[in-house]
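# Observations on the three-dimensional arrangement
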Amino acid sequence: MTLPPTEPRSRWAPWSLHGDGRAVNPGDVVHPDERLSWPRTLGIGVQHVVAMFGATFTVPLITGFPPATTLFFSGLGTLLFLLVTGNRLPSYLGSSFAFIAPVLAAKAGGDIGPALGAILVAGAALAVVGLVVQFAGSRWIDALMPPVVTGAIVALIGLNLAPVAWDGGGSGTGVKAQPLIAVVTLAAILLATVIFRGFLARLSILLGVLVGWLLALALGELDPAAVSGLREAAWVGLPDFHAPSFSLRAVVLVVPVVLVLIAENAGHVKAVAAMTGRNLDRDMGRAFLGDGLATVLAGSGGGSGTTTYAENIGVMAATRVYSTAAYWIAGLTAVLLGLSPKFGALILTVPAGVLGGATTALYGLIAILGARIWIENRVDFHDPVNLMTAAVAVIVGAANYTLIAGDLSFNGIALGTAAALVIYHGMRLIARLRNTTPASRRGPEPEL
């Protein structure tokens, strides 16, 4: 079925009221250019903040970025995204987990400046892709990154991060540092997922972190320095801004994440199009451009790289409200929270064991999401090209293969991403030249 093109009233016209503004009839949706009453829109906007919060603040905690600054730039980036997309694509831009491993490698020595510079360059690269897509169309992206490649890249990111959940990637934090607190946190996440229904179940990560934090408080396991910082922090003030610096090594480590951001943004646009019944393909380039510019903005001041958030897709699916008005409220709310140093200091009190328990689930979900991409797109693993593409790329990422060339260092995510692209397109090209049509043959399958 061909979806009709978007038909907003006007690119910047006020939102029209959906029905009586109080309810959404069965089978109806509130389109991006519509809204419910302002009190209801306010409530939905706050829900979007709560939905993204658990994942968004986890990223800076792991990477050592200032959490309040990241939250501030996520809100500001969301507002910028809405402007760039002409107020037609409902989306919240939260911290991207794809940046975690390369950022940790890029900030070796503790200085976040080179990592910020690399994030800025990655955002600029995504923005350039957005401009190209806006003028040339998006079909070439599907050809460059078919589902087998996209799924492999996403899966290897989750597996590459597994050591970070256990011991902070060698730093001695994570589950290894506080095993009891980590296990209780993970158990709370799992139980919240099945005990609660609807929206509360979507907050299982946040609820698990809260339970783990309370246990650490009861056991006296909170960092005294972090608790002292919480007491001294002001209620209102500017976030902790940092200036980027530029290192070729850091850029090489981080820029491959752009491929993941392309896949995430494209998936978001297609998901919203399917749920609203509107064809949004012509806005794909604007989505890339908006996220790219938001990432540039974050990298310029100390925030984490951004991406569209699946958590907020869940809120839209549950409420059937796709109004961009709710996202304006969400973005403004996040900016206001980022302007509270007390709030940022509270986040910094989250202990290592709590992070270890939460990231055990989160990183596993990233890896499984890669498999989900394969399943939903019915990737044929009887085809040896698909089989080898996924097999080699996943192992390169999971084992964190590293290549050092002079001052440059390429880690498992960069090499795994390159492996997926080179193997897939290289094998396909050779098969066509040799007329061996590998898709017609069953690939090598080891006996178990």
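Residues numbered from 1 in each chain as written. Predicted model: local features only at pLDDT ≥ 70, side-chain atom pairs only at ≥ 80, totals over all residues. Heavy atoms only, no water.

### Brief notes about the overall build of the chain
As a reminder of what qualifies: We count a stretch as a helix when DSSP gives it H or I for four or more residues in a row; a strand needs E for two or more, and each element gets its number in order from the N terminus. Only protein chains enter the accessibility calculation, which uses a 1.4 Å probe. A residue is then buried if its area is under 20% of the maximum for its type, exposed if over 50%, and partly exposed in between. The contact rule is simple, with two residues in contact once any of their heavy atoms fall within 4.5 Å. For accessible areas, the Shrake-Rupley method is used with a probe of radius 1.4 Å. Any residue's cover is judged against the shown protein chains and nothing else.
Helix and strand counts for the chain stand at 20 helices and six strands. Each of the 448 residues in the chain was classed as buried or not, and the buried ones make up 54%. The long-range fraction of contacts in the chain, counting pairs at least 24 apart against all pairs at least 6 apart in sequence, stands at 81%. Total accessible area on the chain stands at roughly 19,400 Å², and carbon and sulfur atoms take up 67% of it.

### Remarks on the nonpolar core
Most often, soluble globular proteins keep nonpolar side chains buried together rather than apart. The following threshold applies: We call a set of buried residues a nonpolar core when its members are Ala, Val, Leu, Ile, Met, Phe, Trp, Tyr or Cys and they connect through side-chain atoms within 4.5 Å of each other.
If you look at the biggest cluster of nonpolar residues, it comprises 100 residues, and the most contacted ones within it are Phe 97, Ile 157, Phe 288 and Tyr 363. Here this core gets 10 residues from one element, more than from any other, and that element is helix α13 (residues 257–276). Once residues lying within four places of it in the same chain are set aside, the contact partners of Phe 288 are Leu 126, Ala 127, Val 129, Gly 130, Val 133, Ile 141, Ile 262, Asn 265 and Ala 266. Counting residues in each nonpolar core, the second largest holds six residues, with Val 30, Ile 44, Val 321 and Ala 326 among its members.

### Focus on the pattern of salt bridges
Our working rule: When a carboxyl oxygen of Asp or Glu is within 4 Å of a side-chain nitrogen of Lys or Arg, the pair counts as a salt bridge.
With the rule as written, the count across this model stands at three salt bridges. With a shortest N-O distance of 2.9 Å, Arg 88 and Asp 283 are connected by a salt bridge. Taken together, the residues Arg 88 in the loop between α2 (67–84) and β3 (93–95) and Asp 283 in the loop between α13 and α14 (284–301) connect sequence positions 195 residues apart. Across the pair Arg 428 and Asp 383 runs a salt bridge whose closest N-O atoms are separated by 2.6 Å. Remark: Asp 383 occurs in the loop between α18 (352–376) and α19 (384–398) and Arg 428 occurs in helix α20 (residues 412–434); sequence separation between them is 45 residues. Comparing Arg 428 with Asp 383 shows no difference in burial state: the two are buried.

### Comments concerning the environment of Arg 378
Looking at the secondary structure, you find Arg 378 in the loop between α18 and α19. Overall, Arg 378 belongs to the exposed group, its relative accessible area being 76%. Measuring from C-alpha to C-alpha, the distance between Arg 378 and Val 148 comes to 9.3 Å, with 230 residues separating the pair along the chain.

### Details of a nonpolar patch on the surface
Under the convention used in this document: Each patch is built from residues lacking any salt bridge and having more than 30% relative accessible area; the joining distance is 9 Å for like charges and 5 Å for nonpolar side chains (Val, Leu, Ile, Met, Phe, Trp, Tyr).
Together, Val 128, Val 132, Trp 140 and Leu 144 make up a nonpolar patch on the protein surface, roughly 320 Å² of accessible area in all. The topology assignment puts Trp 140 in helix α5 (residues 139–144).

### Thoughts on the side chain of Asn 87
To keep things clear, this is the line we draw: Under this definition, polar contacts are N or O atom pairs within 3.5 Å; protein pairs additionally need one hydrogen-donor-capable and one acceptor-capable atom, and for neighbouring residues in sequence, both atoms have to be side-chain atoms.
Within the secondary structure layout, Asn 87 lies in the loop between α2 and β3. Side-chain polar atoms of Asn 87 contact the side chain of Trp 328, separated by 2.8 Å.

### Here's the deal with the environment of Thr 58
The topology assignment puts Thr 58 in helix α1 (residues 38–63). Separated by 297 residues in the primary sequence, Thr 58 and Leu 355 have C-alpha atoms spaced 7.6 Å apart. Among all residues touching Thr 58, those that are not within four sequence positions of it are Phe 97, Leu 355, Thr 359 and Leu 362.

### A short note on α19
Keep this limit in mind: Multiplying 1.5 Å by the residue count of a helix minus one yields the expected span of that helix.
Here α19 is 15 residues long and its end C-alpha atoms lie 21 Å apart, about the 21 Å a rise of 1.5 Å per residue gives. Here α19 has its buried residues at Pro 384, Val 385, Asn 386, Thr 389, Ala 390, Ala 393, Val 394, Val 396 and Gly 397. In this structure, the buried residues of α19 make contact with α6 (147–160), α18 and α20. The N-cap of α19, judged by a side-chain oxygen 2.9 Å from the amide nitrogen of Val 385 a few residues on, is Asp 383. One or two steps after α19, the chain reaches Asn 400, where phi turns positive at roughly 55°.

### Focus: the confidence of the model for the chain
Quick reminder of the rule: Within a predicted model, pLDDT stands for the predictor's per-residue confidence, ranging from 0 to 100.
In the predicted model, the chain carries a mean pLDDT of 82, and the fraction of residues at 70 or more is 89%. For the chain, helix α9 (residues 198–202) is the element with the lowest average pLDDT, namely 60, and α14 is the one with the highest, namely 94. Confidence over residues 1–12 falls short of pLDDT 50; this stretch has 32 contacts with residues more than four positions distant or in other chains.

### Let's talk about the packing of helix α4 (residues 113–136) against α13
This is how the line gets drawn: To obtain each axis, a line is fitted to C-alpha atoms, and for helices this fit is confined to the stretch in contact; angles are then taken between N-to-C directions over 0 to 180 degrees. Angles below 35 degrees are treated as roughly parallel, those above 145 as roughly antiparallel, those between 65 and 115 as roughly perpendicular, and all remaining angles as oblique. The handedness criterion is simple: a crossing whose near helix is rotated anticlockwise from the far helix by less than a right angle is left-handed, and one whose near helix is rotated clockwise is right-handed. Residues are grouped as follows: Ala, Val, Leu, Ile, Met, Phe, Trp, Tyr, Cys and Pro are nonpolar; Asp, Glu, Lys and Arg are charged; all remaining types, including Gly, are polar.
Viewed as axis vectors pointing N to C, α4 and α13 meet at an angle of 50°, and their least axial separation amounts to 10 Å. When the axes of α4 and α13 are compared, the pair comes out oblique. Crossing of α4 over α13 shows right-handed handedness. Taken together, the residues of α13 that come into contact with α4 (itself represented by Ala 122, Ala 125, Leu 126 and Val 129) are Val 258, Leu 261, Ile 262 and Asn 265. In terms of residue class, the contact of α4 with α13 is made up of seven nonpolar, one polar and no charged.

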